[in-house]
Amino acid sequence: LLAVSTSLSTIPFAFYPRCPLSRTASSSSPPSSVPRPDRSFRCLSFSTALRCSVPRRSHGVRWWSHPPSVRAQIRTGAPLIERFQRRIATKTPEHAFKRILTSLPKPGGGEFGKFYSLPVLNDPRVERLPYSIRILLESAIRNCDNFLVTKDDVDKIIDWENTSPKQVEIPFKPARVLLQDFTGVPAVVDLACMRDAMKDLGSNPEKINPLVPVDLVVDHSVQVDVARNENALQANMELEFHRNKERFAFLKWGSTAFNNMLVVPPGSGIVHQVNLEYLGRVVFNTDGILYPDSVVGTDSHTTMIDGLGVAGWGVGGIEAEAAMLGQPMSMVLPGVVGFKLTGQLRDGVTATDLVLTVTQTLRKHGVVGRFVEFYGEGVARLSLADRATIANMSPEYGATMGFFPVDYLTLQYLRLTGRSDEMVSMIEAYLRANKMFVDYNEPQQERAYTSYLQLDLADVETSVAGPKRPHDRVPLKDMKADWHACLDNKVGFKGFAVPREAQDTVVAFSFHGIPAELKHGSVVIAAITSCTNTSNPSVMLGAGLVAKKACELGLEVKPWIKTSLAPGSGVVTKYLLKRCARCIFI
């Protein structure tokens, strides 16, 4: 019973109809002599951490053979179970780390709240931990109940230098969950099904709510049907609402029906940019307890938030729903690759050039299943948008996340994006007090890493990606030679196997009555839609200025080329309109 979320306190067996059987509902299979459960019912289970709370045989009743009678038992037993849980709750033992719960004073008097202080542990091993591992440590300490999270788990993280090579497992409770609409709808459907189950069992369905904040951004539904005119955005959004009317209506209901859930409507921007500009808290203050923001999301590029100093990465829908119900996710304590950046980018070199170089380096090194933590004086010379671009590409270089600790530049970005001065002051005070803030103007204490890499930013050169994979870097000066080599190479990521005699083939066609021709290498789609690029002001403004100059010089896009631009947020649209004029959208 204690393993079940308090929001499900009146569902000791937790049945609901018309759902397939979950094999994760119990740690063991039914005996071969016992009939298997009816597939029209299943135990609610979102991960192996959330177990069915009642033995498979209860008082000699084969409960899966008689679901109606079992539900009758549930109804009659619910009041007794609630009273039992209340008695248990009043006997909750003292928090194992209560001694390190510390007050964080405000500069003008009073306090921001209390927090679990890592320095008060007075353990020299904590001083050497990477910043990303300190976030895992704080979470384990704060959530330590000696049941789902134990003191032994905390000790494993403190002793990270010795335990991480052994592939030990730890529980982790993220502070919040991030969903996009494609993967978010099933999660909301499951919550709605649980409410139906509560109603069928005679209890209050409004008890079913996410136990951690859940942010759902509707951004994956749009497609480009209309292009090359000034009304394209409006026309495409009207089609989007028409196609997705039922889903959007359901999500709108969910936004008001459930506590702890925020739904960002269509047309607001790309989920990861919205996360950076608006949803990222950096530090939470919940009921007077301060703790670092952390997030798991149902999109692989959730890692973009790592550029803001928030630990975040992509997970599957089952793991996300488990986190929504307050269950810890089991993870291998990761190794951390320390990536030192020095120097400064040269003029004309963009964040895209940098991230392609970083990705190439990390893929060669091998970082699958690891954290990458960036440090060094070069980090201080990167804008937050550039850091977010590097963090965004974590799936491409294979790391769980690419983390940039919070520094002064992070605080400036928070003010720039509308966070209040009081909030920024609280964030800085908390992170400094808990040794999670980096000041590049001060001598840096040496931290332990699993392995080390280094890059001089001045060595980064202009590049393009491709021709097939976004992480295959090609120096701009070598693009022509690389393209011709790809035509010759056998079919693969860097090859098309086009015979030499066919490489100069030209195909004529008519486009709306206009004669046209295509050959190998012709541009047919020009789209700036990737979340890696559309959230970076320097890259977007650079593209806009190039387009503006091209228009002024009389250059035109071929009429058969489909063009599209997906701004990362409304802010992107505004600064492009202000600086680059209308021609960039045509």
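Residues numbered from 1 in each chain as written. Predicted model: local features only at pLDDT ≥ 70, side-chain atom pairs only at ≥ 80, totals over all residues. Heavy atoms only, no water.

1. Quick word on the overall build of the protein
Step number 1: Assigned secondary structure in the protein consists of 19 helices and 25 strands.
Step number 2: Taken across its 586 residues, the protein has 48% of its residues classed as buried.
Step number 3: About 28200 Å² of surface is accessible on the protein, with carbon and sulfur atoms providing 55% of the total. (Helix = DSSP H or I, 4+ residues; strand = E, 2+ residues; numbered from the N terminus. Buried < 20%, exposed > 50% of the residue type's maximum accessible area, 1.4 Å probe, protein only. Areas by Shrake-Rupley, 256 points an atom, 1.4 Å probe, with all protein chains shown as cover.)

2. Re helix H6 (residues 181–200)
Step number 1: With 20 residues, H6 extends 28 Å from end C-alpha to end C-alpha; this agrees with the ideal 28 Å at 1.5 Å per step.
Step number 2: Those residues of H6 that fall on the buried side of the exposure criterion are Asp181, Gly184, Val185, Ala187, Val188, Asp190, Leu191, Ala192, Met194, Arg195, Ala197 and Met198.
Step number 3: Two or three places before Phe182, at the start of H6, stands the capping residue Gln180, its side-chain oxygen 2.8 Å from that residue's backbone nitrogen.
Step number 4: A positive phi of about 80° marks Gly202, the residue just after H6. (Expected span 1.5 Å × (residues − 1). Polar contact = N/O pair within 3.5 Å; in protein donor to acceptor, adjacent residues only side chain to side chain.)

3. Brief notes about the sheet that holds strand E19 (residues 451–456)
Each strand in a sheet pairs with another by means of backbone hydrogen bonds, the pair being arranged parallel or else antiparallel.
Step number 1: The strand order across the open sheet formed by four strands is E18-E17-E16-E19, and the pairing between neighbours is parallel. Of all strands in the sheet, those bounded by a partner on one side alone are strand E18 (401–403) and E19. With strand direction ignored, the average angle separating the axes of adjacent strands in the sheet is 20°.
Step number 2: The sheet contacts of helix H3 (residues 131–142) involve strand E16 (336–342), strand E17 (371–375) and E18, and relative to E17 the element is tilted by about 125°. (Pairing = 2+ DSSP bridges. Axes fitted to C-alpha atoms, helices over the stretch in contact; angles between N-to-C directions. Contact = heavy atoms within 4.5 Å.)

4. Regarding the side chain of Lys173
Step number 1: Its location among the elements puts Lys173 in the loop between strand E7 (169–172) and strand E8 (176–180).
Step number 2: Although buried, Lys173 forms no salt bridge, and the nearest oppositely charged side chain, Asp145, lies 5.3 Å from it.
Step number 3: With residues near it in sequence (within four places) discarded, Lys173 still touches Ser139, Asn143, Leu148, Ser294, Gly326 and Pro328. (Lys, Arg positive; Asp, Glu negative; His and termini not counted. Salt bridge = Lys/Arg side-chain N within 4 Å of Asp/Glu carboxyl O.)

5. Topic: the nonpolar core
Side chains of nonpolar character tend, in soluble globular proteins, to be buried together.
Step number 1: Formed by 91 residues in total, the largest nonpolar core has its most connected members in Leu136 and Trp313.
Step number 2: No other element matches the seven residues that H3 contributes to this core.
Step number 3: When near neighbours in sequence (up to four residues on either side) are disregarded, Trp313 contacts Leu136, Phe172, Val295, Val296, Gly297, Thr302, Thr303, Met329, Met331, Phe371, Thr400 and Met401.
Step number 4: Leu345, Val379, Leu455 and Val460 belong to the second-largest nonpolar core, a separate cluster that totals 23 residues. (Core = buried A, V, L, I, M, F, W, Y, C linked by side-chain atoms within 4.5 Å.)

6. Notes on the sheet that holds strand E9 (residues 214–217)
Step number 1: Spatial strand order, E10-E9-E8-E13-E14: five strands in an open sheet with parallel pairing. Two strands bound the open sheet, and with one partner strand each, they are strand E10 (261–264) and strand E14 (311–314). When the angles between neighbouring strand axes are averaged without regard to direction, this sheet yields 20°.
Step number 2: Inspection of the sheet shows strand E13 (residues 294–297) paired to E14 by four bridges, in the parallel sense.

7. With respect to the confidence of the model for the protein
Step number 1: Of all residues in the protein, 83% attain a pLDDT of 70 or more, and the chain-wide mean is 85.
Step number 2: Note that residues 1–66 has pLDDT below 50 and, in this model, 133 contacts with residues that lie over four places away or in other chains. (pLDDT = per-residue confidence, 0-100.)

8. Regarding the pattern of salt bridges
Step number 1: This model, assessed by the stated rule, comprises 23 salt bridges.
Step number 2: Taking the shortest distance from any N to any O, the salt bridge between Glu161 and Arg128 comes out at 3.0 Å. A residue pair is termed long-range when its members are at least 10 positions apart, and Glu161 in helix H5 (residues 160–163) and Arg128 in the loop between helix H2 (124–127) and H3 qualify at 33 residues.
Step number 3: A relative accessible area of 38% places Glu161 in the partly exposed class.
Step number 4: The exposure class of Arg128 is partly exposed, given its relative accessible area of 31%.

9. A word on unusual backbone geometry
Step number 1: Here the amide bond leading from Gly466 into Pro467 is cis, since omega sits at 10°, within 30 degrees of zero.
Step number 2: Although it is not a glycine, Asn146 adopts a positive phi angle of roughly 55°.
Step number 3: Summarising the element assignment, Asn146 is placed in the loop between H3 and helix H4 (151–158).
Step number 4: Unlike most non-glycine residues, Ala497 shows phi in positive territory, near 55°.
Step number 5: As for its placement among the helices and strands, Ala497 is situated in the loop between helix H17 (479–488) and strand E22 (506–511).
Step number 6: The exposure class assigned to Ala497 is partly exposed, which follows from its relative accessible area of 39%.

10. Some remarks on helix H15 (residues 408–416)
Step number 1: Within the sequence span of H15, burial applies to Thr410, Leu411, Tyr413 and Leu414. Along the axis of H15, the buried residues cluster in a sector spanning 160°; they form a single face. Exposed and oriented more than 90 degrees from the buried face of H15 are Gln412 and Leu416.
Step number 2: Looking at the packing, one finds that the buried side of H15 touches helix H9 (271–279), helix H13 (384–392) and helix H16 (421–433). (Arc of directions from axis to C-beta.)

11. Digging into the packing of aromatic side chains
Step number 1: Tallied over the full model, the rule gives 14 aromatic pairs.
Step number 2: Centroid distance Tyr449 to Tyr452: 5.7 Å. Interplanar angle 85°. Geometry classified as edge-to-face.
Step number 3: Looking at Tyr452, the relative accessible area reads 46%, which means it is partly exposed.
Step number 4: Here the aromatic residues Phe172, Trp313 and Phe371 are joined through ring pairs into a cluster of three or more.
Step number 5: Directly above the aromatic system of Tyr131 lies the positively charged group of Arg134, at a separation of 4.7 Å from the ring centroid. (Phe/Tyr/Trp six-rings, centres within 6.5 Å; stacked < 30°, edge-to-face > 60°. Lys NZ or Arg CZ within 6 Å of the ring centre and 35° of its normal.)

12. Quick notes on the environment of Ile525
Step number 1: Topologically, Ile525 is positioned in strand E24 (residues 525–528).
Step number 2: Overall, the relative accessible area of 59% leaves Ile525 in the exposed class.
Step number 3: Separated by 36 residues in sequence, Ile525 and Ile561 place their C-alpha atoms 5.4 Å apart.

13. Re the environment of Gly254
Step number 1: Within the element layout of this structure, Gly254 appears in helix H8 (residues 245–257).
Step number 2: Placed 63 residues apart in sequence, Gly254 and Leu191 show a C-alpha to C-alpha distance of 9.1 Å.
Step number 3: Each residue touching Gly254, except ones within four places of it in the same chain, is listed here: Val188 and Met261.

14. Some points on the side chain of Asp407
Step number 1: Of note, Asp407 is situated in the loop between E18 and H15.
Step number 2: At 2.8 Å, the side chain of Asp407 forms a polar contact with the side chain of Arg387.
Step number 3: Beyond its immediate chain neighbours, meaning those up to four positions away, Asp407 contacts Arg387, Phe437, Val438 and Tyr440.

15. Thoughts on the pairing of E24
Step number 1: With four bridges connecting them, E24 and strand E25 (residues 562–565) associate as parallel partners. Residue pairing in the sheet places Ala527 in a bridge with Ser564 of E25.

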